[in-house]
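What follows is the residue order along each chain.
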Amino acid sequence: MASDSTSASQWTTIEINRDGHVGHITLSRPEAMNTFSTGLAQDLNEALRTLDRESNIRAIVVDGAGKTFSAGIDLSEHADHETKAEFEEWVALMEEPFHTLTEMGTPVVAAVHGHAAANGIGLVAACDLAVAAEGTQFGATAPKVGLFCMGPSVPLMKSLTKKRCLELILTGELIDAETALEWGLINRVVASGEHREAAVELAETITSKSPMAIQMGKEAFYNMVELDYGEALDYSNERFAALCTTADARDGIEAFLDGVPLSADEWPGK
């Protein structure tokens, strides 16, 4: 992966780079299996919002350093808290990226390998798209340690059928990448070691299209999911009309009718 050294930044627990129109975020606590410490959760959330604000970034890939994507929450922090209020504040920080992923306009693709467990599987489900390497294991494993994947259940129930979601969160057992694909948790299974490249390829497919259409369309999708059928159609009409007034629609339609569609760098921008 090429890196733009002039714009590369590094937080304490994640690494961030830009390559063309694609932003890259790597969970970087390999010695702790990229578990969600308070620091990692905050860094990830800040990195997502940072890249979402950058006009040149049109898609983001999130992967994990080392042998695994993410094994969940860092349980060593449990002893730092005592009261219900303290635990609620702690877990709210862990789940903040799940809010951000649905609020931001930039599509995010997870590139998964090794294990995606507990908050790790929640992150996969919360991302807009996901690619996994063969051999990857997924699970809502918290019941094995006396906890429950309540937070990850929220993006999981949006990705899976009721029975599939409940099987994961009630049994706490792992499923393989092929099963995750069959259940609708991920979009692609690729050969071991090729998950990052496959995720970038998917991201670049997005970045070649109208950035304004993608941004407004993603926002509309997440809003329409929560509406009744008729309300969703009415809302979609309003959003489509708004999109029709943009420079992307004007230039994109003109280029299409002229027989020469716009390239990635010719769009007016998000």
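Before going into details, it helps to say that this report is about the structure given with it.

Conventions used here
- Residues numbered from 1 in each chain as written.
- Predicted model: local features only at pLDDT ≥ 70, side-chain atom pairs only at ≥ 80, totals over all residues.
- Heavy atoms only, no water.
- Patch = residues over 30% accessible without salt bridge, like charges linked within 9 Å, V, L, I, M, F, W, Y side chains within 5 Å.
- Areas by Shrake-Rupley, 256 points an atom, 1.4 Å probe, with all protein chains shown as cover.
- Salt bridge = Lys/Arg side-chain N within 4 Å of Asp/Glu carboxyl O.
- Helix = DSSP H or I, 4+ residues; strand = E, 2+ residues; numbered from the N terminus.
- Buried < 20%, exposed > 50% of the residue type's maximum accessible area, 1.4 Å probe, protein only.
- Expected span 1.5 Å × (residues − 1).
- Contact = heavy atoms within 4.5 Å.
- Core = buried A, V, L, I, M, F, W, Y, C linked by side-chain atoms within 4.5 Å.
- Pairing = 2+ DSSP bridges.
- Axes fitted to C-alpha atoms, helices over the stretch in contact; angles between N-to-C directions.

Moving on: a nonpolar patch on the surface. A surface patch of nonpolar side chains, amounting to about 400 Å² of accessible area, comprises Phe148, Met150, Leu166 and Leu170. Here Phe148 shows up in the loop between β8 (137-139) and α4 (150-159). The exposure class of Phe148 is partly exposed, given its relative accessible area of 35%.

Further remarks concern helix α7 (residues 195-207). Taking 1.5 Å per residue, 13 residues should reach 18 Å; α7 reaches 18 Å between its end C-alpha atoms and fits that length. If you check which residues of α7 are buried, you get His195, Ala198, Ala199, Val200, Leu202, Ala203, Ile206 and Thr207. Buried residues along α7 sit against β3 (22-27), β4 (59-64), β5 (108-112), β7 (129-133), β10 (188-190) and α8 (211-224).

As a further point, take the nonpolar core. Inside soluble globular proteins, nonpolar side chains tend to come together where they are buried. With 50 residues, the main nonpolar core has Ile25, Val62, Leu123, Val124, Phe138, Leu156 and Leu185 as its most contacted residues. With six residues, the top contributor of residues to this core is helix α1 (residues 38-53). If we ignore the near neighbours within four places in the chain, the residues touching Ile25 are Ile14, Glu15, Leu44, Ala47, Leu48, Leu51, Ile60, Val61, Val62 and Asp63. Ranked by size, the runner-up nonpolar core spans twelve residues in total, among them Val61, Ala111, Val200 and Leu202.

Our focus in this paragraph is the pattern of salt bridges. If you walk through the whole model with that rule in mind, you get nine salt bridges. Between Arg18 and Glu54 there is a salt bridge, with its nearest N and O atoms 2.5 Å apart. Of this pair, Arg18 sits in strand β2 (residues 14-19) while Glu54 sits in the loop between α1 and β4; the two residues are 36 residues apart in sequence, bridging distant segments of the chain. Take Arg18: its relative accessible area is 9%, and that puts it in the buried class. Residue classification places Glu54 among the partly exposed positions, given a relative accessible area of 23%. Between Arg196 and Asp63 there is a salt bridge, with the nearest N and O atoms lying 2.7 Å from each other. Taken together, the residues span a long stretch of sequence, with Arg196 in helix α7 and Asp63 in strand β4 at a distance of 133 residues. Residue class for Arg196 comes out partly exposed when judged on its relative accessible area of 30%. Owing to a relative accessible area of 7%, Asp63 belongs among the buried residues under this scheme.

Turning our attention to the sheet that holds strand β9 (residues 174-176). The sheet built from three strands is open, its strands ordered β6-β8-β9 with mixed pairing. The open sheet has two edge strands, β6 (115-117) and β9, and neither has a second partner. Between one strand axis and the next, the sheet turns by 20° as a mean value, whatever way the strands run. In this structure, β6 lies alongside β8, joined through three bridges in parallel fashion. Residue pairing in the sheet places Ala117 in a bridge with Gly139 of β8. Taken strand by strand, helix α3 (residues 119-126) contacts β6 and β8, and its axis lies near 95° from that of β6.

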